[in-house]
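One-letter residues, chain by chain:
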Amino acid sequence: MSSLFRPILFSALERYGSLLFFLISAAFLARLLSPEEFGICSLALALANILTSYFQEFGGANYLIQKPVLVERNIRTAFTVTSIAFLCVALGLYAVGNAAAIFFRQDGLHIGMSLCALNVALLPVSITLSALLRREMAFGALARCNLAATFGSSFSSVVFAARGWSFLAPILGMLTGTVVLTAVLLACRPKLRDLKPSLQGFRDVFEFGAYSSSVVVINVFYQWFPQLVLGRILDFSAVGLYSRAVSVTQLFDRFFLQILNPIILPAISAHARAGGDLKSAYLAAIELLSAVQWPSLLFVAMTCDLLIVTWLGAGWIDVVPLVRALCIASLSLFAACLTYPVLVGIGRVQDTLVSSLISLPPSLLITFVASFWGVQAVANVAIIALPFQAAVAIWFVSRRLAISPMDLAHATFKSFIVTIFCVAGIVLGLTVSTHGARPMVSLITAGIFAFAGWWLGLVTTNHALLVRVRSFTDGVALFSRVRLSLNRK
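Anyway, here's the lowdown on the structure attached to this text. (Residues numbered from 1 in each chain as written. Predicted model: local features only at pLDDT ≥ 70, side-chain atom pairs only at ≥ 80, totals over all residues. Heavy atoms only, no water.)

All right, on to the pattern of salt bridges then. Close approach of charged atoms allows side chains of opposite charge to pair. On inspection of all chains with the given rule, the structure shows three salt bridges. Residues D407 and K279 are paired through a salt bridge, measuring 3.5 Å at the closest nitrogen-oxygen approach. Taken as a pair, D407 in helix α16 (residues 405-432) and K279 in helix α11 (residues 278-311) lie far apart in primary sequence, 128 residues in all. Since its relative accessible area comes to 24%, D407 is described here as partly exposed. (Salt bridge = Lys/Arg side-chain N within 4 Å of Asp/Glu carboxyl O. Helix = DSSP H or I, 4+ residues; strand = E, 2+ residues; numbered from the N terminus. Buried < 20%, exposed > 50% of the residue type's maximum accessible area, 1.4 Å probe, protein only.)

Have a look at this one:
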């Protein structure tokens, strides 16, 4: 834990800074763009992400991070393979843009996908350099680069929207962010030899990428599939509402999981190479994650009407029932962020593909059928699909690490109690808040009572997270004292 303190601290600074930019820009964009405009943008991004996702693992970040011994030749080959793949994707995006505009009956998709193609062509440099910084655990430098890029993306998106660029504004903002990120990474790590073309040992890159990319593309396709079917079967307003509901549901990910995601795979890979006990580490991580994820999702579900009005405005109130359904469904994903890193860390990347092939096709089928009944039905079926996916993933990990159902129950029991305390606090906070209070006042009141109930639950159960929180705060205090002492000298 002590060795991960600095990476977690820098990752937290980056993610919370990025989250602040996201919250501010989302509030502006929600008032500058209609649900239909947001839906067109989301559909263009969905198509770009699906077409890009398969190729980014051929020499991408995960290959560079998990490689036991990494030499310059590996880096150059990985960069070259990634560049070739992304250039092909960029050309493909540009070529199919017109067909997509015809299929979805929206002319603007062609322009949007052309801009996405340009963005894809610029990605290989930032993907390679970011992966190397993550492998080296240089999260301080990476945080500065990502914050600069996020600010550039958020600020430019709002400016473009205010200037009347409609659904193209977020895409142009994304392109601006990619340009900024590439520039600052090159300034931070100006070792251009790593970016010289090479295909020596490319089979090693393809061997890893074939499995990893298949997993990524299946999961990305599932993630964006509702937007695709809603855009074709219903309308772009439905796409915009569902996309916004997903964004609100993922607030927990932005607040917490995105701090850990850049660290999990490097840390687990290093732990596995050192011969560490992955079973104990996995169960300990589940205990910590569930104690934060469950209360957070239920807080969003129970207060999302207040949250939507305060953050996005009354014009988005229709997303409230969608958010509640997605939050309830997401409760099952308490171990999802660990599945891929653990299986890759123990050398079983093929299990991640088999798991996805078992769980995602049925989920896609019921989502497609539900789309004929409307956007709310699509959100509701997630209550079936996500727990099924989680169960399959946990089974694969449990089989490899010899984890029993009782082990899982023991790891999550205290978190369940903590969640009950938190929910009681939310109910009490909503009750004591005056009936005519402003939404922001009621939201803050519920948040204070929720935190009080959550903390009381941690203390009552003597949860492992309580020990980690105290250790972390002690570490922050020590870090501050050391920095202060050095500055005085």
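Here the focus is a nonpolar patch on the surface. Together, L365, F368, V369, F372 and W373 make up a nonpolar patch on the protein surface, roughly 570 Å² of accessible area in all. Here V369 shows up in helix α14 (residues 349-371). With relative accessibility at 39%, the residue V369 sits in the partly exposed group. (Patch = residues over 30% accessible without salt bridge, like charges linked within 9 Å, V, L, I, M, F, W, Y side chains within 5 Å. Areas by Shrake-Rupley, 256 points an atom, 1.4 Å probe, with all protein chains shown as cover.)

So, on to the packing of aromatic side chains. Ring pairs (aromatic) are described by centroid distance and by the angle formed between their planes. The tally for this structure, following the rule as stated, stands at twelve aromatic pairs. Site record: aromatic cluster; members linked through ring pairs are F21, F151 and F155. One Lys or Arg, R244, reaches over the ring of W316 and ends 5.2 Å from the middle of that ring. (Phe/Tyr/Trp six-rings, centres within 6.5 Å; stacked < 30°, edge-to-face > 60°. Lys NZ or Arg CZ within 6 Å of the ring centre and 35° of its normal.)

Attention shifts here to helix α6 (residues 139-162). The end-to-end C-alpha distance of α6 is 34 Å, a good match for the 34 Å that 24 residues give at a rise of 1.5 Å each. Looking at the residues trailing α6, positive phi occurs at G164, about 90 degrees. (Expected span 1.5 Å × (residues − 1).)

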